[in-house]
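A closer look at the structure
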Amino acid sequence: MNKQNDDSCTQPQVKPRTQKMREKIQLATLCWFVYLEGWNDGSNGPLLPRIQNVYGVGYTVVSLIFVFACVGFMMGAVSNVILDEKLGFGKVMVLGSLCQVVAYSIQSSGPPFPAFIFAYFINGIGLALQASNANSVGYVASIKENAELKMGVLMAGAGAFSSPLVATQFSQQPQWNLYYLTSLGISVSNTIALIIVFRLKRQGECLAEIGIVNEDNSTSEHSHLRQIFANKDVHLLAAFTLLYVGAEVTIGGWIVTYIIDVRGGGPSSGYISTGFFGGLVVGRLAMLWVNEKIGERLAMFIYAVLAIGLELIVWFVPSLVGDAVAVCVTGVLLGPMYPIVMNHAGRVLPRWILTGAIGWIAGVGQAGSALVPFVAGALAQSSGIKSLQPLLVGIMGLMTALWALVPHGSRHPD
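Description of the structure in this document. (Residues numbered from 1 in each chain as written. Predicted model: local features only at pLDDT ≥ 70, side-chain atom pairs only at ≥ 80, totals over all residues. Heavy atoms only, no water.)

With that settled, consider the overall build of the protein. Scanning the protein from N- to C-terminus turns up 21 helices and two strands. The burial tally for the protein puts 58% of its 414 residues in the buried class. Residue pairs in contact within the protein that sit at least 24 positions apart in sequence constitute 85% of those at least 6 positions apart. Of the accessible surface of the protein, which amounts to about 16300 Å², a share of 67% is contributed by carbon and sulfur atoms. (Helix = DSSP H or I, 4+ residues; strand = E, 2+ residues; numbered from the N terminus. Buried < 20%, exposed > 50% of the residue type's maximum accessible area, 1.4 Å probe, protein only. Contact = heavy atoms within 4.5 Å. Areas by Shrake-Rupley, 256 points an atom, 1.4 Å probe, with all protein chains shown as cover.)

Okay, here's the thing in C-alpha cells:
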C-alpha cells in the first residue's frame, strides 16, 4: 500500500528555503490572529465587575456577553461553509478580521448596554470566519512537519495572558471603555497582516506556496459532512472540548468576580486572571516533554485530576494568596489539554475528514465558551458567586469521564 496516496496532503521531504520562510510567515500571521483571539477572551475577567457597575446589571444579564459572542460565532461558522466556497480562505479571513474592527469600534465608544453586547455578536462572527471550518486551526493541521509543536505554538494564549494586565488598569479608570481602542489597534494590524501574507487567495493556493498539495478531490463536501456527523469519536472529542473551553472561559471570566466578592480581593484582583492565562501559556509549551514522556492520553487524566484537586482548594480554603496560586497552577494543568485533543483527533479520525472534523470540534467548543459561563452567571444570580467552584469541579469530573471514552488509537485504517 502506498501510504502517500492515503493522506489528504503530501509535501516533499526537503523544502526549498523560500518555502520554509513563507511557511514561517504564514504560521506567524495565524498566530497573530490567535493572539487577538486570546486577547479578546482574557479581558473579560477584569472588566466584568466594572461592566456590572457601569451598566447596573446582575450576574445573569452581564453573562449575555458570552451568549451573544457564542450566537455570533455559530452564525459565522454556518456562514463560513458558504463563504469559504464562494470567496476562498484569504477573503474570508479578511472579512472576519473586519468584523472584529467594527465590533471594537462600537465598544470603544462606550455605547448603551444593548449596543455593547451586540458588538460581542459581531465579534463572534469575525472570530468564527477566521477560526472555524478549516481556516486557521485546520490550515495549520494541514502542515504535517512537526505538527504537534506548531499546534502548541498556535494555541499559546499569549494574548489572553497580556490583555488582563491592560484591562485591569483600564477597569479602574473613568474612561474604562478606551481599553477597546487597544483591541481595535491589534485587530487593524491583524487585517493588514492577513491581506499582505495571504493576498486574498484560496487555501489551496496558499498551501501550494509552502509545498503542500491538496490531493483529496475524490469526495464531495456533503459526503465529508455525512462522514463527520456519523463518526462517534468526533462527537466524543467535541463534547470534551465543549466542557473544556467552557471551564477555561468560565475561570478566566468569573474568577476575578469570585475573588472580589467571596475572598474580599481589591481592584488589583484582575491580575489573577493574568496568572491563570499565563499558566495556560506555560502549560501548552513547557509540558510538551511531559506529554511525550508519559503519553498524551495518560497525561490528560493526570492533568484533570490535579486540576480538580486545585479547584477544591479554591472552594474550601479561604486564602486570597492560596487561591490565587491555585488558579495559576490550574491554568498550567489546563493549558496542554486543547492541543492534546487536536493532536489526538489527528490520530483517531480518518485523514480525509480531519480538517472538517477539527472545525466542527472547535465550533462546538466555542459554544461551551458561552454555555458554561452563562450557567455560572445564572447560578451566581440565584445562589451567589460562591457556586462557581462546585460547577467547575463537576464539569472537570465530566471531562475526565468523557476522555475515558475516547479511543486510544484510530478505528479506521489510513
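After that view of the structure, there is still more to cover.
Before going further, it helps to examine the packing of helix α3 (residues 44-55) against helix α10 (residues 158-171). At their nearest, the axes of α3 and α10 sit 8 Å apart, and the two run at 20° to each other. The angle between α3 and α10 falls in the class roughly parallel. α10 is crossed by α3, and the crossing has left-handed handedness. Across from P46, L47 and R50 in α3, the residues of α10 making contact are P164, A167, T168, F170 and S171. (Axes fitted to C-alpha atoms, helices over the stretch in contact; angles between N-to-C directions. Parallel < 35°, antiparallel > 145°, perpendicular 65-115°, else oblique. Left-handed = near helix turned anticlockwise from the far one by under 90°.)

Throughout the structure, instances matching the rule amount to 19 aromatic pairs. Measuring from centroid to centroid gives 5.1 Å for F276 and F277, while their planes differ by 70°, and the two rings are edge-to-face. The buried category is assigned to F277, whose relative accessible area is 3%. Each residue in the set W32, Y35, W39, Y55, F113, F116, Y120, F170, W176, Y179 and Y180 is aromatic and connected to the rest through ring pairs, giving one cluster. (Phe/Tyr/Trp six-rings, centres within 6.5 Å; stacked < 30°, edge-to-face > 60°.)

So, on to a nonpolar patch on the surface. A surface patch of nonpolar side chains, about 420 Å² in accessible area, is lined by V188, I192, I195, I196 and L200. Relative to the assigned elements, I196 resides in helix α11 (residues 179-198). (Patch = residues over 30% accessible without salt bridge, like charges linked within 9 Å, V, L, I, M, F, W, Y side chains within 5 Å. Salt bridge = Lys/Arg side-chain N within 4 Å of Asp/Glu carboxyl O.)

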